[in-house]
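# Coordinates in review
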Amino acid sequence: MRRRIDRYRNTEYLKRMMYAVIGVLGIGILYKGNYILYKIDIVDKATDLHHKKAWIEAEACLREVKTYTHFKYQETKVEQLLNELQWITNYNEKLKQIQDDVVGGKQDLDYDRFYSGILNYQTIDFESLEGYQREYYTMKYSLETTIDDGWVQFKGYMQNMLEQPTESAKYNWAKEHIFEIPEQYFSLPKNEVIQGLFETCDQQLYEKILIKSSGLKEKLDNFNEIYKMNSQYGYQTQWLTPDIIEYVRDEIKSYAETAYEEGLQNVRKHSKTSLREMEDASVVQEEIKKFFSESKQEIKRFYQIIQDYNSIASHFYYDSEIENIQKRYIELKEDEIQTLIESEYYDEAINWYRELSNLQSFSQEIKEIERTKLFKDPVVLIEDKLGDYAQYQVGWNALAGERYMVAINNRAMQCEVYPLIQEEEYTSYRKFIFPLEEILGSDVMYHWIKENTDADIELNISGDLIGIKTSTKGQEELAIFRVEENYAENLFYGIGETIEWDETMEEIRVIQSYDEEEPMVIYHYDSEVYLKEEVLIPETPDEELTEEELTAITCDDENLDNELQEEQLEEDALSYDLDGII
């Protein structure tokens with residue numbers, strides 16, 4: 001029984017397998033048959049389309065037939081037709097893409113796509129086509145008509161942007177591409193029309209820039225953009241140049257004139273006379289400081305304006321009048337500087353010139369001030385270390401110089417001599433150093449510098465003589481030496497309670513106390529040496545006597561007067577006797 005059941009099951013399985021195989025074979029037969037029929041149908045369709053001169057559609061069918069490779073059907077005929085339609089294969093895809101770009105660009109106002117399609121269209125070599133073939137493409141795609149319509153449309157679009165530039169930010173784009181519009185789409189000569197559009201556009205932009213731009217630099221930058229754009233197409237923007245020149249000139253001139261008026265007021269206010277009328281030196285310094293600060297800021301603003309003009313505007317619209325304005329402005333500033341020089345504010349004047357150096361070189365003027373400053377005030381030679389000097393003196397026509405300075409360097413223990421001579425273009429000076437130890441001797445130098453640090457030092461210069469006197473409590477010391485180039489000769493040294501001398505140092509009085517053997521000695525200078533002339537007893541100043549001494553002197557004076565009166569009476573009597581005898 002079981003065997004029967006197994007046999008039955010095997011039989012059923014075989015049947016099912018047979019049915020499945022038959023089904024697959026049937027589907028394959030159907031697919032193959034359909035494939036054969038479809039290919040036959042396409043070949044027939046392509047043949048029919050070719051016969052009707054629908055060459056583009058026929059070529060598309062034939063290329064599809066080439067994809068059916070499992071069944072051979074009129075292969076020779078298909079190859080023959082494809083060869084005949086090779087001109088379709090070579091051109092159709094390109095023309096279809098061109099049409100898509102031209103039509104699509106025109107509809108969407110996408111100029112780049114439209115123009116790209118035209119450029120591609122112009123690259124096609126239609127010379128290799130037969131006449132009927134070109135006619136066929138012309139009729140099929142209507143490209144010439146579409147291109148004409150597109151050019152007209154885009155010309156109007158660009159023209160509108162240039163006529164109303166303030167309504168759109170694409171006026172530069174329009175300037176760039178309007179030159180690509182063919183000549184035949186302009187009713188007047190193309191260049192005349194485009195130049196007119198540029199003028200209209202630029203004039204409106206100019207007016208907008210004047211209103212919207214915040215400062216001269218921003219305005220110049222925007223003007224500059226117009227010039228740069230136009231210069232790419234050979235236009236010098238001559239239609240704007242007069243207006244821009246006038247505007248820039250007026251702006252700079254207005255600023256310069258305002259600065260000029262303010263500068264004149266400053267010059268009058270800070271003239272030499274006005275400055276000297278101020279008694280408080282600190283007030284004068286504050287006035288000068290304020291004067292310089294205001295002028296410095298003004299110079300910076302003017303320089304910025306000129307810099308903006310020189311770096312931007314002058315490349316396109318040079319104006320010689322701007323140079324004249326700048327020249328007049330600098331002349332004003334030089335007047336201000338001259339006021340400072342006359343008032344001997346040399347450092348301030350130099351700073352002024354340095355501020356102006358951005359506009360013009362003033363190296364020679366600065367040198368001249370430095371020369372004048374050095375000659376007027378040689379102290380500048382030691383001002384960096386002024387704390388090292390116990391005393392200095394500046395004078396004229398001595399020590400072989402028109403101008404001189406002698407300084408006692410307390411730190412270096414030396415006397416420094418600076419003769420100055422003013423040449424035509426500069427001030428020359430020399431520096432001689434004389435160690436105090438060599439001039440005064442080590443004992444005196446040590447006494448002055450080391451022990452008497454609080455001593456008062458007095459300098460005196462006459463001809464080639466230098467005198468140094470120190471004063472401490474109860475004593476004065478004087479040393480005089482003669483200077484010859486790098487050599488110093490010690491001529492005199494004296495110590496006393498008081499030492500008197502004059503500017504020429506021709507006479508020296510050394511006064512000692514009363515109990516000295518020589519209470520006062522007078523020395524006279526005789527060309528090369530000091531000679532001891534006489535010894536005197538000085539009159540003691542009243543203010544130095546005590547009350548008892550004054551009383552005693554008064555009594556002595558009264559006794560002296562009585563004695564003189566008696567002597568006078570005796571003389572009168574004697575004279576009377578003589579008269580009687582006669």
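Since the model is a prediction, treat every value here as computed from it, not as a measurement.

## Quick word on the pairing of strand S8 (residues 475-484)
Of all 10 residues making up S8, eight are buried, and the element is well covered by its neighbours. Pairing of strand S7 (residues 465-472) with S8 involves eight bridges; the strand directions are antiparallel. In the strand pairing of S8, Thr-472 is matched with Gln-475. Between S7 and S8, which pair antiparallel in sequence order, lie two residues; one of them, Gly-474, sits at a positive phi of approximately 80°. Relative to strand S9 (residues 487-496), S8 is paired through nine bridges, and the arrangement is antiparallel. Residue pairing for S9: Ala-479 is matched across the bridge by Tyr-493. Between the end of S8 and the start of S9, which pair antiparallel, lie two residues, with Glu-485 showing a positive phi angle near 50°.

## Considering the environment of Ser-311
Of note, Ser-311 is situated in helix H13 (residues 281-311). Ser-311 gets classed as partly exposed once you look at its relative accessible area, which sits at 43%. Spatially, the C-alpha atom of Ser-311 lies 9.8 Å from that of Leu-220, the residues being 91 residues apart in sequence.

## Quick word on unusual backbone geometry
A positive phi angle, near 55°, is found at Leu-399, a position not held by glycine. Looking at the secondary structure, you find Leu-399 in the loop between strand S1 (389-398) and strand S2 (401-409). By relative accessible area, Leu-399 is classed as buried at 6%. Its identity as a non-glycine residue notwithstanding, Met-505 has a phi of 60°, on the positive side. Along the chain, Met-505 falls in the loop between strand S10 (498-501) and strand S11 (507-511). Accessibility expressed as a relative area gives 0% for Met-505, which makes it buried.

## Side note on the nonpolar core
With 72 residues, the main nonpolar core has Ile-178, Val-248 and Ile-252 as its most contacted residues. Among all residues touching Ile-178, those that are not within four sequence positions of it are Met-158, Leu-162, Phe-186, Lys-190, Ile-194, Leu-197 and Phe-198.

## Some details on the sheet that holds S8
Spatially, S6-S7-S8-S9 is the arrangement adopted by the four strands of the open sheet, whose pairing is antiparallel. Among the strands making up the open sheet, the edge pair consists of strand S6 (456-462) and S9. Across the sheet, the mean angle from the axis of one strand to that of its neighbour is 15°, orientation sign disregarded.

## Some details on helix H9 (residues 190-212)
End to end, H9 covers 32 Å across 23 residues, agreeing with the expected 33 Å (1.5 Å per residue, within 8%). By the burial criterion, the buried members of H9 are Lys-190, Val-193, Ile-194, Leu-197, Phe-198, Cys-201, Asp-202, Leu-205, Tyr-206 and Ile-209.

Criteria and thresholds
- Residues numbered from 1 in each chain as written.
- Predicted model: local features only at pLDDT ≥ 70, side-chain atom pairs only at ≥ 80, totals over all residues.
- Heavy atoms only, no water.
- Buried < 20%, exposed > 50% of the residue type's maximum accessible area, 1.4 Å probe, protein only.
- Helix = DSSP H or I, 4+ residues; strand = E, 2+ residues; numbered from the N terminus.
- Pairing = 2+ DSSP bridges.
- Core = buried A, V, L, I, M, F, W, Y, C linked by side-chain atoms within 4.5 Å.
- Contact = heavy atoms within 4.5 Å.
- Axes fitted to C-alpha atoms, helices over the stretch in contact; angles between N-to-C directions.
- Expected span 1.5 Å × (residues − 1).

These results come straight from atomic positions and should not be treated as a statement about function.
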